[in-house]
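Residue-level listing of the chains:
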Amino acid sequence: MIANVLLNGLWQGAPLVAIAWLVTRLIPRSDAATRCAIWFATLLALAVVPILATVSNAGASLAELVQSHTAGPVVKITLIPAGSFVSHAGAAFSWAVPVLLGLWSAAAAIASIRLAVSFFRVHAIRRASRPLAGAGHDVWVCDALSVPIVAGILTPAIVIPSEIASELTPANLQRIVAHERAHIRRYDPLCNLIARVLEALLILNPWVYLAGRSLCLEREAACDDWVVESVGSPGEYAACLASLAQSVRSQNAPLLTPTAFHSRRTLIERIERLGSSEPRRLTINSFAIGGAVMLFIIATIALQALSPALALTPPAPAAATAPVLAATCAHPDVEATVTDPEPPMLPHGLKVSGSAVVSVTLAPNGRVLKTSVVKSSGNQTADNAVLEAARKSKYSPKIAACAPVEGAYLFRADFKPSP
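What counts, and where the lines are drawn
- Residue indices begin from 1 for each chain and proceed along its sequence in written order.
- Residue-level local features of this predicted model are given only where pLDDT is at least 70; pairs of side-chain atoms are given and counted only at 80 or more, and the full residue set underlies all totals for whole chains, interfaces and linings.
- Water and hydrogen atoms play no part in the side-chain values, which are based on all heavy atoms of the structure.
- Among buried residues, those of type Ala, Val, Leu, Ile, Met, Phe, Trp, Tyr and Cys that are joined through side-chain atoms within 4.5 Å constitute a nonpolar core.
- Remark: exposure states derive from per-residue accessible area (1.4 Å probe, protein chains only) relative to the maximum for the residue type, with buried under 20%, exposed over 50%, and partly exposed in between.
- Every helix listed is a DSSP run of H or I at least four residues long, and every strand listed is a run of E at least two residues long, numbered separately from the N terminus.
- Between two residues, a contact is recorded if the distance between any of their heavy atoms is within 4.5 Å.
- Ring pairs shown here join Phe, Tyr and Trp side chains whose ring centres sit within 6.5 Å, with only the six-membered ring taken for Trp; geometry is labelled stacked below 30 degrees between planes, edge-to-face above 60, and tilted in between.
- Residue-level confidence of the predictor is summarised by pLDDT, bounded by 0 at the bottom and 100 at the top.
- Every helix has an expected span of 1.5 Å times one less than the residues it contains.
- Fitting one axis to the seven residues ending at a residue and another to the seven starting there, the bend at that residue is the angle between the two axes.
- Any two strands with at least two DSSP-identified bridges between them are counted as paired.
- Salt bridges, as used here, are contacts in which a Lys or Arg side-chain nitrogen is within 4 Å of a carboxyl oxygen on Asp or Glu.
- Think of each axis as a best-fit line through the C-alpha atoms, taken over the contacting stretch in the case of a helix, with angles from 0 to 180 degrees between the N-to-C directions.
- Any angle that falls under 35 degrees is termed roughly parallel, while one over 145 is termed roughly antiparallel, one within 65 to 115 roughly perpendicular, and all others oblique.
- Handedness of a helix crossing follows the sense of rotation of the near helix relative to the far helix, less than a right angle counterclockwise being left-handed and clockwise being right-handed.
- Lys, Arg, Asp and Glu make up the charged group, whereas Ala, Val, Leu, Ile, Met, Phe, Trp, Tyr, Cys and Pro make up the nonpolar group; the residues left over, Gly among them, are polar.

Take the nonpolar core next. Leu-16, Ile-38, Leu-43, Leu-46 and Leu-215 are the most contacted members of the largest nonpolar core, which has 33 residues in total. Counting only elements with at least two residues in this core, the list comes to helix 1 (2-25), helix 2 (32-55), helix 5 (96-128), helix 8 (188-201), helix 9 (206-231) and helix 12 (286-306). It is helix 2 that provides the largest number of residues to this core, a total of 12 residues. Excluding residues that lie within four positions of it along the chain, Leu-43 makes contacts with Ala-195, Leu-198, Val-208, Ala-211, Gly-212 and Leu-215. Judged by nonpolar contacts, the second largest core, of 23 residues, contains Leu-132, Val-228, Ala-238 and Leu-241.

The following block contains the structure:
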């Protein structure tokens, strides 16, 4: 299931990021706080939605409820021996799952180690810092630092490089401190920790990277708005950022710290944004967030209905049914047959044509061990109905050399609309 979740996330992330992009396009650029919250919600959705779409079939069930009640289609059921087909298909793709999980685990482990190193680096910076006189109890300076940061999660503190603190004018120092203090008031250290953990776990998912980058950019813009509202003069603050960018020689801030200087490119984008005369909003627009979350829920239901069906039936206890023993050897090799086929229960009014093929694995006692769709009819509701019918049908197992054996077969349902 883990492999299914990871693979589903690679393509299901596209509509989620598209939703976030469209919603943020409708929100003014001056409302960075709301745009930041939407991208944070998108990052959470990229982790949660693939899980829900994989383990839940609520979307397909909901689709059945809205079907109209008219005459149903005619269904023909057949069982075809497919042992060689299933075994060859399984052999062709079985190697990919452990390789994918291995690569993903290795990449996630490396990313987690980087987070651990960042944690210890932040701890070392806190220990090496000293209070900055006249700047407040939560402002510190450190020689082993190149950019201002907020260090810590539960008890965050502002740490400024000693060289920058000595070069800044009192007014510009106040602006930089106000920016970092805005991170603390917005609980950005905790949100940054959650985002970094998700990025580490889903490191091979490109949509997570895009959402994380947009989140960082909007987060810094939101803190810039706090500075303009508290200190004033966006032009002077933009000049402060520009001069500070020239004095910063590297941007190697720890991963676990929200900082004002992720890259020179993002800094230029922030300076250009400060030139706007639009009124700035510091609070989050709850209606926009609610709308985005509702769209994510709708996307989850749609993905549940459209994702490939996969049904697993646990094997029955050994004592439940005695193995079928060959009474005679008149027919030592016999393929499995359907002794009591269960017709698919389709909603009235469902217009389906074509066929659906389900792989059925039978135990030597004739019990169904596993079912999965190998050819879709093009309708998720019909596929699920065929899966359920395949599980409920009664079979006689395959006989090889007068002994019942496990086998794999194709349960095929052909659909033809009623006249």
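Applying the stated criterion to the full structure yields one aromatic pair. Note on Phe-119 and Phe-120: the rings are 5.5 Å apart at their centroids and 80 degrees apart in plane angle, and the pair reads as edge-to-face. On the basis of relative accessibility, which here comes to 57%, the residue Phe-120 falls in the exposed class.

What follows deals with the confidence of the model for the protein chain. Per-residue confidence for the protein chain gives a mean pLDDT of 79, with 80% of residues at or over 70. Within the protein chain, the element-level pLDDT minimum falls on strand 6 (residues 310-312), averaging 36, and the maximum on helix 8, averaging 93.

This next bit is on helix 1. Over its 24 residues, helix 1 runs 34 Å from end to end, which matches the ideal 34 Å to within 8%, given 1.5 Å per residue. Taking the largest bend as the criterion, helix 1 deviates by roughly 40 degrees, centred on Leu-10.

If you walk across this open sheet you meet the four strands as 2-3-5-4, and the pairing is mixed. Looking at the sheet topology across the chains shown, the edges are occupied by strand 2 (130-131) and strand 4 (149-151).

Following the sequence through the fold, Pro-98 ends up in helix 5. Once the C-alpha coordinates of Pro-98 and Ala-3 are considered, the two residues, 95 residues apart in sequence, prove to be 8.6 Å apart.

What follows deals with the pattern of salt bridges. In the structure shown here, the tally under the stated rule is 13 salt bridges. Its salt-bridge partner being Glu-199, residue Arg-196 comes within 3.2 Å of it at the nearest N-O pair. With Arg-196 and Glu-199 both in helix 8 and three residues apart, this pair spans about one turn of that helix. Summarising the burial analysis for this pair, Arg-196 and Glu-199 share the class buried. Residues joined in a network through salt bridges with shared partners are Asp-225, Arg-273 and Arg-280.

We now examine the packing of helix 2 against helix 9. Look at helix 2 against helix 9: their axes get within 8 Å of each other, and the N-to-C directions meet at 155 degrees. Looking at the two axes, helix 2 sits roughly antiparallel to helix 9. Remark: the crossing between helix 2 and helix 9 carries left-handed chirality. Residues Ala-32, Ala-33, Arg-35, Cys-36, Trp-39, Phe-40, Thr-42, Leu-43 and Leu-46 of helix 2 form the contact with helix 9, whose participating residues are Trp-207, Val-208, Ala-211, Gly-212, Ser-214, Leu-215, Glu-218, Arg-219, Ala-221, Ala-222 and Asp-225. For the contact of helix 2 with helix 9, the per-class residue count stands at 13 nonpolar, three polar and four charged.

Turning next to the pairing of strand 8 (residues 354-362). Among the nine residues in strand 8, eight count as buried, and that is most of the element. Relative to strand 9 (residues 368-375), strand 8 runs antiparallel, the two being bridged by six bridges. Counterpart to Val-358 in the pairing with strand 9 is Val-373. Counting the residues that bridge the hairpin from strand 8 to strand 9 gives five residues, and of these Gly-366 lies at a positive phi of roughly 90 degrees.

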